[in-house]
Amino acid sequence: MAKDNILLITTDQQRFDTLNAWGNQSIFTPHLNYMAAMGISYKNCYASCPICVPSRTTIMTGRQGYESGVISNETHETFMRACTEERSTLPAVLTDAGYQTCAKGKMHFEPARAHYGFEHMKLPLDYMREYDKKQVLAHPKAHGVGECEVEPVISTVEVKDSITSWIAEEAIDFLETRDTTRPFFLWTSFTKPHPPFDPCRDFWELYDNIPMPDAVTGDWSRTVEETPQGFLAGAYENTNLYLLGKAQRAASKRAYYACITQVDYALGRIFGCLRENDLFKNTWVIFTADHGEMLGDHHMSQKNLFFEGSAHVPLLIMPPQGRSLPYNISVEAPADLVDIYPTILAMAGLSSPVSVSGKNLLEPVPMDRMFFGNCLNKNFCVMEEKVKLVYSAVGDHVLLFDLNTDPMEQHNLAEDPAWQERKAKLWKLLLEHTAQYTPEALGENGQFITYEAPHFPGDVPGRWFGFHYHDYSVDTFH
């Protein structure tokens, strides 16, 4: 029996609540809506280390960042080389099983051209090389806005010349020129909506007169100054969002939404190619993101945090349409980016060559599944039955939320007498988990090593340089 094809689609920095089909009536996502209608929505998927490289490494290897040691953007090369040598990366396993494997778009690995098991790869570096040769016609990113800044700006190229269109065209080129005697695994990895928030004007104008949802604040984050400062360290370092007024934040959100819609419309072209080539009948399509974006919630921006905006990501799986499989299904059970590896192997009829903690999402997942997170050995999380404890070693801050009744983390229960027993249980579990996987984050007393928090507006005016996770070295463009 012929094996199914597999198309993995990822975006960069897209938070969970940016799908119209999931209830956001301020955003246009018709093709993600199509996936939800024709497939399965995993409503509670999280990234255990919500920054670019650790999440991508988890997808590639089936190992969490705290298991592999990849908990920053600088720590993956040795591990990825070892996994490639043992032929356990996702594309290596699929290649060895007879799949034609290809990556188009942002990989964010070092060395930048390392294939780590893929037969073929085209990167945003290639997009820039192409457009460097025709600058008179198209000169991307001439606006000067950087890779972490969140101020809105209009793209300096037309839609047809954008990085989003280029990635879609590369994916279509593969689908139309592939070796049809073999099944394929194609990872189409969009760079957006990662900053700069620079949609093409057509997509910016789609949002004329559409009000943007307000950023969320809570009883623990009424003002920037009242918010536990350790959680703001990344915002102070990388962006000015905490300085922006309400109308400015709305403009940034509009640009962010427009970038997502631009990706979604590009998906329409890819889906059209699948339909024209009769591939929907035997192709699995998976959509997710490597992490989210705080986008002003609790005055924060960027990622690396375990709040909903940063760690909670969309996940959709659309089965082949040539057979009777469930569709328009919503799954509330906990999911994790680590699940993508065993799930894709199951789609290919394969088992994992190494022990992994992820679950095959095509089978039932228990509702009481625990979630643990570690980012940079400074931000930590433990969640059980949607009760979430988040901890920042920067400032030694503990927050506790019941997402069952408080889905956007507006009410901190950490000092509520009625929640002390649950808090103590989760804290104990987090310490035990950290001692098992990343004991270097703990001191001799078995407690977390702590760091001084910045003080608003930062130890250096407007910036605090405690973290160093800028993406400039290997991110979207050089």
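Residues numbered from 1 in each chain as written. Predicted model: local features only at pLDDT ≥ 70, side-chain atom pairs only at ≥ 80, totals over all residues. Heavy atoms only, no water.

(A) Region of the structure containing the packing of aromatic side chains. For the structure on display, the rule yields 27 aromatic pairs. Residues Tyr-66 and Tyr-437 carry aromatic rings whose centres are separated by 5.1 Å and whose planes lie at 55° to one another, so their mutual orientation is tilted. Within this pair, whereas Tyr-66 is found in helix 3 (residues 65-68), its partner Tyr-437 is found in helix 13 (residues 420-437), the two being separated by 371 residues in sequence. Residue classification places Tyr-66 among the buried residues on the basis of a relative accessible area of 9%. Among the aromatic residues, those joined into a cluster by ring pairs are Phe-28, Phe-197, Tyr-207, Tyr-256 and Tyr-257. The ring of Trp-204 has Arg-254 sitting right over it, with the charged end atom 3.8 Å from the ring centre. Stacked on the ring of Tyr-451, the Lys or Arg Lys-378 has its end atom at 4.5 Å from the ring centre. (Phe/Tyr/Trp six-rings, centres within 6.5 Å; stacked < 30°, edge-to-face > 60°. Helix = DSSP H or I, 4+ residues; strand = E, 2+ residues; numbered from the N terminus. Buried < 20%, exposed > 50% of the residue type's maximum accessible area, 1.4 Å probe, protein only. Lys NZ or Arg CZ within 6 Å of the ring centre and 35° of its normal.)

(B) Molecular detail of the sheet that holds strand 15 (residues 397-402). With respect to topology, 4 strands assemble into an open sheet ordered 12-13-14-15, the strand pairing being antiparallel. Strands with a single pairing partner mark the edges of an open sheet, and in this sheet they are strand 12 (371-375) and strand 15. Ignoring which end each strand starts from, the neighbouring axes of this sheet average 10° apart. Where strand 14 (residues 387-392) and strand 15 come together, 6 bridges link them in antiparallel fashion. Each residue of the ladder has a partner; that of Leu-389, found in strand 15, is Leu-400. Sitting on the sheet, helix 13 touches strand 12, strand 13 (379-384), strand 14 and strand 15, and the angle it makes with strand 13 is about 125°. (Pairing = 2+ DSSP bridges. Axes fitted to C-alpha atoms, helices over the stretch in contact; angles between N-to-C directions. Contact = heavy atoms within 4.5 Å.)

(C) Structural view of the sheet that holds strand 9 (residues 315-318). If you trace the 8 strands from one edge of the open sheet to the other, you get 5-4-6-1-7-9-2-10, paired in mixed fashion. Pairing within the sheet leaves two strands with one partner each, and these edge strands are strand 5 (120-122) and strand 10 (329-331). With direction set aside, neighbouring strand axes in the sheet form an average angle of 15°. Against the sheet, helix 1 (residues 30-38) makes contact with strand 2 (40-42), strand 7 (283-289) and strand 9, and its axis sits at roughly 60° relative to strand 9, the strand it touches most.

(D) Fine view of the side chain of His-397. Residue placement: His-397 occurs in strand 15. Looking at His-397, the relative accessible area reads 17%, which means it is buried. Apart from the residues within four sequence positions on either side, His-397 is in contact with Pro-228, Gln-229, Gly-230, Phe-231, Val-390, Tyr-391, Ser-392 and Ala-453.

(E) The arrangement of helix 2 (residues 52-61) in detail. Burial within helix 2 is extensive, with 10 of its 10 residues counted as buried. Buried residues along helix 2 sit in contact with strand 1 (5-12), helix 3, helix 4 (77-85), helix 5 (90-96), strand 6 (184-193) and helix 12 (340-347). Downstream of helix 2 by one or two residues, Gly-62 has phi in the positive range, about 75°.

(F) Representation of helix 12. For helix 12, a buried count of 7 out of 8 residues is recorded, marking the element as mostly surrounded by other parts of the structure. Restricting attention to buried positions, one finds in helix 12 the residues Ile-340, Tyr-341, Pro-342, Thr-343, Ile-344, Leu-345 and Met-347. At the C-terminal side of helix 12, Gly-349 shows a positive phi close to 75°.

(G) Region of the structure containing the layout of surface pockets. As a volume, the largest pocket reaches approximately 410 Å³. Along its surface, the largest pocket is lined by 25 residues, and Phe-16, Asp-17, Trp-22, Pro-407 and Met-408 are the ones closest to its centre. Per-class residue counts for the lining of the largest pocket are 11 nonpolar, 5 polar and 9 charged. Estimates place the volume of the second largest pocket at around 270 Å³. Gln-64, Tyr-66, Ser-357, Met-370 and Phe-372 are the residues nearest the centre of the second largest pocket, which is lined by 16 residues in total. Broken down by secondary-structure element, the contributors of at least two residues to the lining of the second largest pocket are helix 3, strand 11 (335-336), strand 12 and helix 13. Ranked by residue count, the leading element in the lining of the second largest pocket is helix 13, at 3 residues. Across the lining of the second largest pocket, the residue classes tally to 8 nonpolar, 4 polar and 4 charged. (1 Å grid on protein atoms, 1.4 Å probe; cavity = no way out; pocket = protein on both sides within 12 Å on 5 of 7 lines; lining within 4 Å. Points joined across faces, edges and corners; volume = space filled by probe spheres on them. Nonpolar A, V, L, I, M, F, W, Y, C, P; charged D, E, K, R; others polar.)

(H) Region of the structure containing empty space enclosed by the protein. Under the defined criterion, the tally for this structure stands at 5 cavities of 30 Å³ or more. Looking at the largest cavity, it is lined by 16 residues, and the ones nearest its centre are Ser-155, Ser-162, Ile-163, Lys-192 and Asp-198.

(I) Representation of a nonpolar patch on the surface within the structure. Taken together, the side chains of Phe-28, Leu-206 and Tyr-265 present a nonpolar region at the surface, about 230 Å² in accessible area. With respect to the secondary-structure elements, Leu-206 resides in helix 8 (residues 201-206). The class of Leu-206 is partly exposed, set by a relative accessible area of 32%. (Patch = residues over 30% accessible without salt bridge, like charges linked within 9 Å, V, L, I, M, F, W, Y side chains within 5 Å. Areas by Shrake-Rupley, 256 points an atom, 1.4 Å probe, with all protein chains shown as cover. Salt bridge = Lys/Arg side-chain N within 4 Å of Asp/Glu carboxyl O.)

(J) Just the pairing of strand 4 (residues 100-105), in detail. Judged by how many residues are buried, strand 4 sits mostly within the fold: 6 of 6 residues are covered. Of the strand pairs in this sheet, strand 4 and strand 6 are connected by 6 bridges, and their pairing is parallel. Bridged to Ala-103 within strand 6 is Trp-187. As paired strands, strand 4 and strand 5 are joined by 3 bridges and run parallel to one another. Bridged to Ala-103 within strand 5 is Met-121.

(K) Fine view of the side chain of Asn-377. Topologically, Asn-377 is positioned in the loop between strand 12 and strand 13. Taking the relative accessible area as the measure of exposure, Asn-377 reaches 14% and is therefore buried. Polar contacts involving the side chain of Asn-377 include one to the side chain of Asn-374, which spans 2.8 Å. In contact with Asn-377, not counting residues within four places along its chain, are Ile-71, Thr-438, Glu-440 and Ala-441. (Polar contact = N/O pair within 3.5 Å; in protein donor to acceptor, adjacent residues only side chain to side chain.)

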